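What the coordinates show
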Amino acid sequence: MAHFPPAFLDEVVARSDIVDIIARHVELKKSGSNLMGLCPFHHEKSPSFSVSPDKQLYYCFGCGQGGGAFQFLMEHDGYSFPEAVEYLAEKAGLEVPQDSERSPVDEARQKHAYDMLGRASHAMSRALDDEQGAKARAYLEQRGMPADIIRDYGLGYTPFGYGFMNKVFGNDARTNAQLEAVGLLFKGDHGYGDRFRDRLMFTIRDRRGRVVGFGGRVLGEGEPKYLNSPETDWFHKSDLLYGYSEHRDSIRKARQLVVVEGYMDVLGMAAHGLRIGLAPLGTAIGEGQIREIFRLCDSPVFSFDGDRAGRQAAWRALERMMPLLKSELTPRFLYLPEGEDPDSLLKAEGADAFQHRLDEDSTPVLETWLKGLKLLAGQGADGRARMAKKADTMLATMTDGYLRQAWRQEVEHATGITLQQARRRMSANPDASPDQKPPELNAIEERFMASLIQRPERIGHLPDLADSFFIDNAFISPLYSRAFSMKAEAEDDNTDIARQLAQEFPDSQTMISRWVNQATVQNIEFKSLLLDMEANDIRRRIKRGLSLAESIPAQTRLREIKKEQRILTEQLHETGA
Ligand SMILES: [Zn+2]
């Protein structure tokens, strides 16, 4: 966490509206006092993502993501905490206080690098438009690339020879060193030189839409055909997908995503109205990228060339995908006819026919896997044994136990061989849960906390014995007692305790958001919860050992609670709730 003064953070939050921030990505509909929409963090068909405009907190009941405005910008848009604060402060017209712990030099260096990369992209676009860009323009025209795509995706040109970047940025030692750091110049025996020369340029952006690097395609003959920015502090090839920031929202809306091989495929699809393509940056797709893909869409289509190299690439993708597969994910594989790519097919057949291929010609991942195994293993009894063995090792990488079992049965069926090893490994290797579990609350505690956070005035009316309710829960206890003191300090009933707690206990923000956004706890339920909490508290004390003098009133009270609960249940039935 960076060190912004708390009062400043309060001011930033108070002047921002989380609904505005989220509504840019999620279509929200009113539902009671909250807003509901399809969760941008996991794929779903009916809304479980709730936003509370009053409390300025969001929570997803499907995947458990939750928090405030800063969290959303960090989790969804990829901001760092200081960046999220600065972004909102700037929008609200607030001056950001200088943070002594952050090096201003470093910050300036970051900002300068992004500025430089953005300016370079503009300069390349301009070069594409003027006379030196004629060859590149002719190529784009021949590929049928419309002007709006060329503009929106930041296509450009870098002229032949050296000196282009220096013409844009100047030629002093400091500038050259900076240009080298962002990957635009290289340092050779005779000084600095332009990395990209006489190439058609593709601007590559990060999740936030900032320019971080470039891909350059050779015009005419020459090697390599595609040259990318080198790895820099800003450009990490294995973390990026071409088209991500441009297509994130349209992919979620269309609930469709196609992974293609290259930049021109992404753009060719976009030119035909299919803004759902993503491509890795010239390397085989990695696990991190596949994870991002599944976060955007649960049924992506991975398309590959139909030739041998394409099949090998598909198999590699499948191997990387196996640890991430879950029963609710349904990726498909599409092999394109030999010699064709999405762009050429779209030109020849149009968008509808291509869509038809995506739907009808693609095969589910399991089918693709079985076919691939057969092909690898070959014919006869030997082949079946090889297939079983290979399947066994691959199955061991799967983390979804049910899916692994289902797939294993399919292989056993196909080969007639019982897979021993996979079964053994499975019992030795119980599914590791990858999620960090928040502190365990039982259903009563969960609803009880929700009842207080939703209506903090209830805190003021709690009996004294409520003080000890969470005494054994080291995580909730400080937050729970802080809620009491906040309530006592509060100037009026409108003091926003949920928001204050979320700020004082950042680790608990997701939990607090969940309490705020879940179904409202009505008064009868609250009374019943309070009795349950009291009963549990008494049972806990009995378990620890009570003296006889304490034990009798405790048992009496438990019986009374039971009676009161019965009355409440009757009332509940009468009100029809
Ligand atoms: Zn979710």
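Predicted, not measured: the structure shown is a model, and the values here were computed from it.

Details of helix 6 (residues 134-142)
Among all positions in helix 6, only Ala136, Tyr139 and Leu140 are buried. Along helix 6, the residues classed as buried sweep out an arc of 95 degrees about the axis, all on the same side. The exposed set on the far side of helix 6, more than 90 degrees from its buried face, consists of Glu141 and Gln142. Directly beyond the C-terminal end of helix 6, a positive phi value near 70 degrees is found at Gly144.

Points about a positive patch on the surface
Taken together, the side chains of Arg539, Arg559, Lys562, Lys563 and Arg566 make up a positively charged region of the molecular surface. When residues in the positive patch are grouped by element, the largest group, four residues, is from helix 26 (residues 548-575). Among the structural elements, Arg566 can be located in helix 26.

Concerning the packing of helix 10 (residues 244-254) against helix 12 (residues 287-296)
Packed helices, taken two at a time, are described by the angle their axes make and the gap between the axes. Two elements in contact, helix 10 and helix 12, have axes whose closest approach is 10 Å; the angle formed by their N-to-C orientations is 35 degrees. Across from Tyr244, Arg248, Ile251 and Arg252 in helix 10, the residues of helix 12 making contact are Glu292, Arg295 and Leu296. Here the contact of helix 10 with helix 12 is composed, by residue class, of three nonpolar, no polar and four charged.

Some thoughts on the domain arrangement of the chain
For the chain, the assigned domains read domain 1 (6-91), domain 2 (104-235), domain 3 (249-355), domain 4 (370-428) and domain 5 (443-575). Taken over C-alpha atoms, the centre of domain 4 sits 51 Å from the centre of domain 5.

Focus on the coordination of the zinc ion
Six octahedrally arranged donors around a metal ideally form angles of 90 or 180 degrees; four tetrahedrally arranged donors ideally form angles of 109.5 degrees. Distances from the zinc ion to its protein donors, Cys39 (SG), His42 (ND1), Cys60 (SG) and Cys63 (SG), fall at 2.1 to 2.3 Å. Considering all four donor atoms around the zinc ion, the spread of angles at the metal, 104 to 118 degrees, places the coordination shape in the tetrahedral class. Mapping the donors of the zinc ion onto the primary sequence yields the spacing C-x2-H-x17-C-x2-C. Taken together, the positions of His42 in the loop between strand 2 (34-37) and strand 3 (49-52) and Cys63 in the loop between strand 4 (57-60) and strand 5 (66-67) put the pair 21 residues apart, joining distant regions of the chain. For His42, a relative accessible area of 21% corresponds to the partly exposed category.

A short note on the pattern of salt bridges
Tallied over the full model, the rule gives 30 salt bridges. With a closest N to O distance of 3.0 Å, Asp206 and Arg210 form a salt bridge. Looking at Asp206, the relative accessible area reads 11%, which means it is buried. The partner of Arg447 in a salt bridge is Glu525, and the shortest N-O contact between them spans 2.8 Å. Of this pair, Arg447 sits in helix 20 (residues 443-454) while Glu525 sits in helix 25 (residues 523-544), placing them 78 residues apart in sequence. If you follow the salt bridges from partner to partner, you end up with Glu83, Asp206, Arg208 and Arg210 in one network.

Quick look at the sheet that holds strand 6 (residues 156-158)
Reading across from one edge, 6-9-10-11 is the order of the four strands in this open sheet, with antiparallel pairing throughout. A single partner strand is all that each edge strand has here, and the edge strands are strand 6 and strand 11 (226-228). Taking each pair of neighbouring strands and ignoring which way they run, the sheet shows an average axis angle of 35 degrees. Sheet analysis places strand 10 (residues 211-218) next to strand 11, joined by three bridges and oriented antiparallel. The partner of Gly216 across the bridge, within strand 11, is Leu227. Packing against the sheet, helix 11 (residues 263-271) makes contact with strand 9 (199-205), strand 10 and strand 11, and its axis sits at approximately 80 degrees to strand 9.

Here's the deal with unusual backbone geometry
Cis geometry is found at the peptide bond from Glu223 to Pro224, where omega equals -15 degrees. By secondary structure assignment, the location of Pro224 is in the loop between strand 10 and strand 11. Here Gln56, not a glycine, exhibits a phi torsion of approximately 60 degrees, which is positive. Tracing the backbone shows Gln56 in the loop between strand 3 and strand 4. Among the residues examined, Gln56 registers a relative accessible area of 10% and is labelled buried. Unlike most non-glycine residues, Asp198 shows phi in positive territory, near 50 degrees. Position of Asp198 among the secondary structure elements: in the loop between strand 8 (191-194) and strand 9. By relative accessible area, which is 12% here, Asp198 ends up buried.

Some details on the sheet that holds strand 15 (residues 332-336)
What the five strands build is an open sheet, ordered 13-12-14-15-16; its pairing is mixed. For this open sheet the edge positions go to strand 13 (277-278) and strand 16 (363-364), each flanked by a neighbour on one side alone. Taken together, the two bridges between strand 12 (residues 258-259) and strand 14 (residues 301-305) define a ladder with parallel strand orientation. Residue Val258 lies in a different strand from strand 14, and its bridge partner there is Val301. Lying on the sheet, helix 13 (residues 308-321) is in contact with strand 14 and strand 15; it crosses strand 14 at an angle near 150 degrees. Across the face of the sheet, helix 15 (residues 351-361) comes into contact with strand 12, strand 14, strand 15 and strand 16 while running at roughly 125 degrees to strand 15.

The rules behind each value
Residues numbered from 1 in each chain as written. Predicted model: local features only at pLDDT ≥ 70, side-chain atom pairs only at ≥ 80, totals over all residues. Heavy atoms only, no water. Buried < 20%, exposed > 50% of the residue type's maximum accessible area, 1.4 Å probe, protein only. Helix = DSSP H or I, 4+ residues; strand = E, 2+ residues; numbered from the N terminus. Arc of directions from axis to C-beta. Patch = residues over 30% accessible without salt bridge, like charges linked within 9 Å, V, L, I, M, F, W, Y side chains within 5 Å. Areas by Shrake-Rupley, 256 points an atom, 1.4 Å probe, with all protein chains shown as cover. Salt bridge = Lys/Arg side-chain N within 4 Å of Asp/Glu carboxyl O. Lys, Arg positive; Asp, Glu negative; His and termini not counted. Charge placed at Lys NZ, Arg CZ, Asp CG, Glu CD. Axes fitted to C-alpha atoms, helices over the stretch in contact; angles between N-to-C directions. Contact = heavy atoms within 4.5 Å. Nonpolar A, V, L, I, M, F, W, Y, C, P; charged D, E, K, R; others polar. Domains from an automatic or database assignment. Donors = N, O, S within 2.8 Å, 3.2 Å for Na, K, Ca; no water. Tetrahedral: all angles 85-135°; square planar, octahedral: opposite > 155°, others 65-115°. Pairing = 2+ DSSP bridges.

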